[in-house]
Amino acid sequence: MSEPKQPTVAQQLVGDFAPKLAELTDEVLFGDVWARPELSPRDRSLATVAALIAIGATEQLAGHLRRAKENGLTESELAEVIIHLAFYAGWPRAMSAVRVAREVFHR
């Protein structure tokens, strides 16, 4: 009979994260995270848009920008977000966000 395989160093450092991921998934996808009163719909939209810009997910940005606009995000607020994120996310991602934002705000 072979001995049980010992966890690798990486596995030891990470630990058992599967239950934590499952809990987070339940909270975000099926819980009340997006309905909590601490953040307005506008602020939640702003956080989502900022995250999408930061990771360069321009294919998802248009839909979320339309929702953010419906939730009260103004074009000047969005411009400020993009300017601030340009230094962290990089100019190419910021310029892509500007292109998508123009399509959404100037249709």
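Throughout what follows, the structure given in this document is the object of discussion. What you see is a predicted model; the values in this text were computed from it and never measured. (Residues numbered from 1 in each chain as written. Predicted model: local features only at pLDDT ≥ 70, side-chain atom pairs only at ≥ 80, totals over all residues. Heavy atoms only, no water.)

Some remarks on the overall build of the protein chain
Within the protein chain one finds six helices and zero strands. Element order for the protein chain, N to C, with α for helix and β for strand: α-α-α-α-α-α. A burial count over the protein chain gives 21% of its 107 residues as buried. Carbon and sulfur atoms form 60% of the exposed surface of the protein chain, whose accessible area is close to 8000 Å². (Helix = DSSP H or I, 4+ residues; strand = E, 2+ residues; numbered from the N terminus. Buried < 20%, exposed > 50% of the residue type's maximum accessible area, 1.4 Å probe, protein only. Areas by Shrake-Rupley, 256 points an atom, 1.4 Å probe, with all protein chains shown as cover.)

Thoughts on the packing of aromatic side chains
Applying the stated criterion across every chain yields a total of one aromatic pair. Measuring from ring centre to ring centre gives 5.6 Å for F87 and W91, while their planes differ by 75 degrees; the resulting arrangement is edge-to-face. Residue classification places W91 among the partly exposed residues on the basis of a relative accessible area of 48%. (Phe/Tyr/Trp six-rings, centres within 6.5 Å; stacked < 30°, edge-to-face > 60°.)

Let's talk about helix 4 (residues 58-70)
If you check helix 4, its first and last C-alpha atoms are 19 Å apart, about what 13 residues at 1.5 Å a residue would give, namely 18 Å. The principal kink in helix 4, of about 25 degrees, is found at H64. Against the buried residues of helix 4 lie helix 3 (41-55), helix 5 (75-89) and helix 6 (91-105). Where helix 4 terminates, the next one or two residues include G72, which has phi positive at roughly 105 degrees. (Expected span 1.5 Å × (residues − 1). Bend = angle between axes of the 7 residues up to and from the residue. Contact = heavy atoms within 4.5 Å.)

With respect to the nonpolar core
Core analysis: the largest hydrophobic core is formed by 20 residues, its most contacted members being V49, I53, L61, L65, L78, I82 and F105. Contact partners of L78, with chain neighbours within four places excluded, come to V49, I53, L65, L73, A101 and F105. (Core = buried A, V, L, I, M, F, W, Y, C linked by side-chain atoms within 4.5 Å.)

Side note on the packing of helix 3 against helix 5
In contact at an axis separation of 10 Å, helix 3 and helix 5 are set at 35 degrees when each is read in the N-to-C sense. Classified by chirality, the crossing of helix 5 by helix 3 is right-handed. Together, R42, L46, V49, A50, I53 and A54 of helix 3 and E77, L78, V81, I82, L85 and A89 of helix 5 make up the contact between the two elements. Partitioning the contact of helix 3 with helix 5 into residue classes produces ten nonpolar, no polar and two charged. (Axes fitted to C-alpha atoms, helices over the stretch in contact; angles between N-to-C directions. Left-handed = near helix turned anticlockwise from the far one by under 90°. Nonpolar A, V, L, I, M, F, W, Y, C, P; charged D, E, K, R; others polar.)

Description of the pattern of salt bridges
As enumerated under the stated definition, the model contains four salt bridges in all. Residue R42 pairs with D43 through a salt bridge whose shortest N-O separation is 2.4 Å. Salt-bridge contacts for E103 lead to R99; the nearest nitrogen and oxygen are separated by 3.5 Å. Taken together, the positions of E103 and R99, both in helix 6 and four residues apart, correspond to about one turn of that helix. The exposure class assigned to E103 is partly exposed, which follows from its relative accessible area of 35%. Where salt bridges share partners, they join R42, D43 and E77 into one cluster. (Salt bridge = Lys/Arg side-chain N within 4 Å of Asp/Glu carboxyl O.)

Some points on a nonpolar patch on the surface
On the surface, I83, F87, Y88, W91 and M95 cluster together to form a nonpolar patch covering roughly 680 Å² of accessible area. Of all the secondary structure elements, the ones that give two or more residues to the nonpolar patch are helix 5 and helix 6. With three residues, the top contributor of residues to the nonpolar patch is helix 5. As for its placement among the helices and strands, I83 is situated in helix 5. Classification of I83 by relative accessible area gives exposed; the value is 51%. (Patch = residues over 30% accessible without salt bridge, like charges linked within 9 Å, V, L, I, M, F, W, Y side chains within 5 Å.)

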